[in-house]
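Observations on chain architecture
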Amino acid sequence: MEYNYDTFRRRAWDPPDHNHNRCCNGRFWFVRDVCGIICAILTWLLIFFAEFVVMKVILIPSPYPVYSTINMIIFNALAFLAISSHLRTMFTDPGSVPKGNASEKAIQQMGLREGEVFFKCAKCCSIKPDRAHHCSVCRVCVRKMDHHCPWVNSCIGENNQKFFVLFTLYIAVISAHAIFLTVNQFAHCIRTEWRNCSTYSPPATVIFLLFLTFEALLFAVFTMIMLGTQLNAIWNDETGIEQLKKEEARWVKKSRWKNIQTVFGRFSIAWFSPFTRPLVKTKHENYYYSV
């Protein structure tokens, strides 16, 4: 049976039914990396710790019910969106290229013209689409791979970059909110009796607030830097690896607004939702990228 290039491309780029980076009968992407799993769990624990301090130490004991209620709603909503974005990033296939698809039979089915060349990855024996790079942790090639992030235990690529941007955004906002709350709580405790500003003892209250301030500052700086680099990469249509290697652009450059739409879709409230995929889909380019 004859296959033209487009037919082969659609079949080759689709995720395989069985993959070593998948779980739950292939329904979800999951990288079996011990370091990444520990980092992901640590991320969840830090978010839950921040929520515990904010709820139990700051807001629930507050004598101002309106202030407490409003900030509880805001903080819990941001925490929910941050964790949801993290899970979507972690369990969404970043754009993996099936391993071993560079078989002799598959190459013959491509119907290449005389003189036309293609490139394959020597590490995973896959035909590499343009702008794909091999990840040594995921052990596959990933389309538009930006980097491998252990904090989400996955590569950041074509299919999950939106969720990663939302994760950094919500963590940055929730960190700023936590700093605001701790500063207010310190001021409140200084103005009043320490014994009356928290259900915990004064030393325990100080320790909780100091740890939360340190965590919030650290996360705020880290995520704001990462958010800025991701938005810059999307704006200029150049991944982190391409910037690092100073690779010459072999793809057609679109307008910056189109670059943003490629990742987030057409402008709507769905931009900020970790439960929706971009509405605008782009076709893969009809050329290959060398190893």
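Residues numbered from 1 in each chain as written. Predicted model: local features only at pLDDT ≥ 70, side-chain atom pairs only at ≥ 80, totals over all residues. Heavy atoms only, no water.

**Thoughts on the sheet that holds strand S7 (residues 140-143)**
Taken together, the 3 strands give an open sheet; going across it, the order is S3-S7-S6, and neighbouring strands pair in antiparallel fashion. Strands with a single pairing partner mark the edges of an open sheet, and in this sheet they are strand S3 (96-97) and strand S6 (132-135). Relative to S7, S3 runs antiparallel, the two sharing 2 bridges. Within S7, the position partnered with serine 96 by the bridge is valine 142. (Pairing = 2+ DSSP bridges. Helix = DSSP H or I, 4+ residues; strand = E, 2+ residues; numbered from the N terminus.)

**Things to note about the nonpolar core**
In this structure, Val54, Ile58, Phe75, Phe164, Ile171 and Leu212 are the most contacted members of the largest nonpolar core, which totals 30 residues. Here phenylalanine 75 is in contact with Ala50, Glu51, Val54, Met55, Ile174, His177, Ala178 and Leu181, once residues within four sequence places are set aside. Within the second largest apolar cluster, 9 residues are counted, among which are Cys135, Cys138, Val140 and Cys155. (Core = buried A, V, L, I, M, F, W, Y, C linked by side-chain atoms within 4.5 Å. Buried < 20%, exposed > 50% of the residue type's maximum accessible area, 1.4 Å probe, protein only. Contact = heavy atoms within 4.5 Å.)

**So, the state of the cysteines**
With the rule as written, the count across this model stands at 1 disulfide. For cysteine 189, the disulfide goes to cysteine 197, at an S-S distance of 2.2 Å. Handedness of the cysteine 189-cysteine 197 disulfide follows from its S-S torsion of about 100°: it is right-handed. The class for cysteine 189 is buried, based on a relative accessible area of 0%. Cysteine cysteine 121 remains unbridged, with the sulfur of cysteine 141 as its closest cysteine sulfur at 3.6 Å. The exposure class of cysteine 121 is buried, given its relative accessible area of 3%. Free of any disulfide, cysteine 124 has its nearest cysteine sulfur in cysteine 141, 3.6 Å distant. For cysteine 124, a relative accessible area of 4% corresponds to the buried category. (Disulfide = S-S within 2.5 Å.)

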